[in-house]
Amino acid sequence: MRKLINDPADVVSDALRGLAAAHPSLRVDPEARVVVRADAPRTGKVGLVSGGGSGHEPLHAGFVGFGMLDAACPGEVFTSPVPDQILAATAAVDGGQGVLHIVKNYTGDVLNFKMAAELAEDDDIEVVSVLVDDDVAVQDSTYTAGRRGTGATLFVEKIAGALAEAGAGLSEVAAAAREVNERTRSFGVALSSCTVPAAGEPTFTLGEDEMELGVGIHGEPGRERTKLATADEIVAAALAAIHADMPLDGAEVLVLVNGMGGTPLIEQYIAYAAAANWFEGHGVTVARSLVGDYVTSLEMAGCMVTVCRLTPELRQLWDAPVETPALRWGR
């Protein structure tokens, strides 16, 4: 195992200390494992909290800041944060207008966020939870009942965050978050496995000429293991799966071509070129796009394509200013 770490047991704490040193706009508690905006709580503002297993950086801590999340709770690598973490983050960002929990659909996340919400309500903090379940690859997996939450998480956090920053109420922010999830689909492809530091060996094994279509962000199996294909073929397969589940003909869309952590940016742009060609052939207008590592799986090679059918209102919220470690524009 060749990794830039000290001790496998300290990976998350060490990374959080680095995050704190690099970004003084955040309040980071490496021991409690909570990352909060320096100006939280904001009186009169709905708080946004998300979290999940570490190893998916910059998700979620990299999206804490103006116009996006108010707090994030990083768990151990590929492991849900515990209720005490989530409760601490929720209390830290409660400005009197309630708190929205953005929860990826993984069993541990769902259970622990639910427990934390109940504890918060015992402390008179109103909490509404929104589940992200955008992955079209498989219905159930090692980690989930139902669809997995993947790339749409970024879109939900950004758009709901913009609305909360503008002063909208909890029910309106939650409704926007649900709308984004409903209008978004994702599909991922793995060209290699990843290695969880505590395990010290790859999560799964691919042959020299194999790839995994529909892989999850923890390395969960996808639809099928098949022979390696070209970038054009891989992206076409991903978009065909998305299109079959959510027709895209004639739509205006927001697109994320996301690296899984181990794919060079030059290859990600090759994938985006393939996506652009596919969209042109289907009469799809790409209004906004992102290319890069945003929702990763440690050092896994491959990519994920995420597509959101925009409305004018959602496009305006996407364009609203944001300032976080990993996403910033307009300020």
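See above for the structure.
The rules we used
Residues numbered from 1 in each chain as written. Predicted model: local features only at pLDDT ≥ 70, side-chain atom pairs only at ≥ 80, totals over all residues. Heavy atoms only, no water. Axes fitted to C-alpha atoms, helices over the stretch in contact; angles between N-to-C directions. Helix = DSSP H or I, 4+ residues; strand = E, 2+ residues; numbered from the N terminus. Parallel < 35°, antiparallel > 145°, perpendicular 65-115°, else oblique. Contact = heavy atoms within 4.5 Å. Nonpolar A, V, L, I, M, F, W, Y, C, P; charged D, E, K, R; others polar. Buried < 20%, exposed > 50% of the residue type's maximum accessible area, 1.4 Å probe, protein only. Arc of directions from axis to C-beta. Salt bridge = Lys/Arg side-chain N within 4 Å of Asp/Glu carboxyl O.

Caption draft 1: Representation of the packing of helix 4 (residues 152–165) against helix 8 (residues 312–319) in the model. Two elements in contact, helix 4 and helix 8, have axes whose closest approach is 8 Å; the angle formed by their N-to-C orientations is 85 degrees. On the basis of their axis angle, the class for helix 4 and helix 8 is roughly perpendicular. Counted together, Phe155, Lys158, Ile159, Ala162 and Leu163 of helix 4 and Leu314, Leu317 and Trp318 of helix 8 form the full contact between these two elements. Partitioning the contact of helix 4 with helix 8 into residue classes produces seven nonpolar, no polar and one charged.

Caption draft 2: Representation of helix 8 in the model. Burial in helix 8 covers these residues: Leu314, Leu317 and Trp318. Each buried residue of helix 8 sits inside an arc of 105 degrees when the element is viewed along its axis, so together they form one side. Facing away from the buried side of helix 8 by over 90 degrees, the exposed positions are Pro312, Glu313 and Gln316. If you follow the buried residues of helix 8, they end up packed against helix 4, helix 5 (170–182), strand 10 (252–259), strand 11 (285–292), strand 12 (302–309) and strand 14 (328–329).

Caption draft 3: Structural view of unusual backbone geometry. For the bond running from Ala40 to Pro41, omega is -5 degrees, close enough to zero to count as cis. Residue Leu59 is joined to His60 through a cis peptide bond whose omega torsion reads -5 degrees. With respect to the helices and strands, the residue His60 is situated in the loop between strand 3 (47–54) and strand 4 (71–77). In this structure, Phe78 takes a positive phi of about 60 degrees despite not being glycine. With respect to the helices and strands, the residue Phe78 is situated in the loop between strand 4 and helix 2 (83–93). On the basis of relative accessibility, which here comes to 9%, the residue Phe78 falls in the buried class.

Caption draft 4: Structural view of the pattern of salt bridges. Scanning the entire structure with this criterion turns up 19 salt bridges. For Glu299, the salt bridge is made with Lys3, and the minimal N-O distance between the two is 3.2 Å. On the criterion of sequence distance, the pair formed by Glu299 in the loop between strand 11 and strand 12 and Lys3 in the segment before helix 1 (11–22) is long-range, its members being 296 residues apart. When its relative accessible area of 32% is taken as the criterion, Glu299 is described as partly exposed. The partner of Arg37 in a salt bridge is Asp39, with the nearest N and O atoms 3.0 Å apart.

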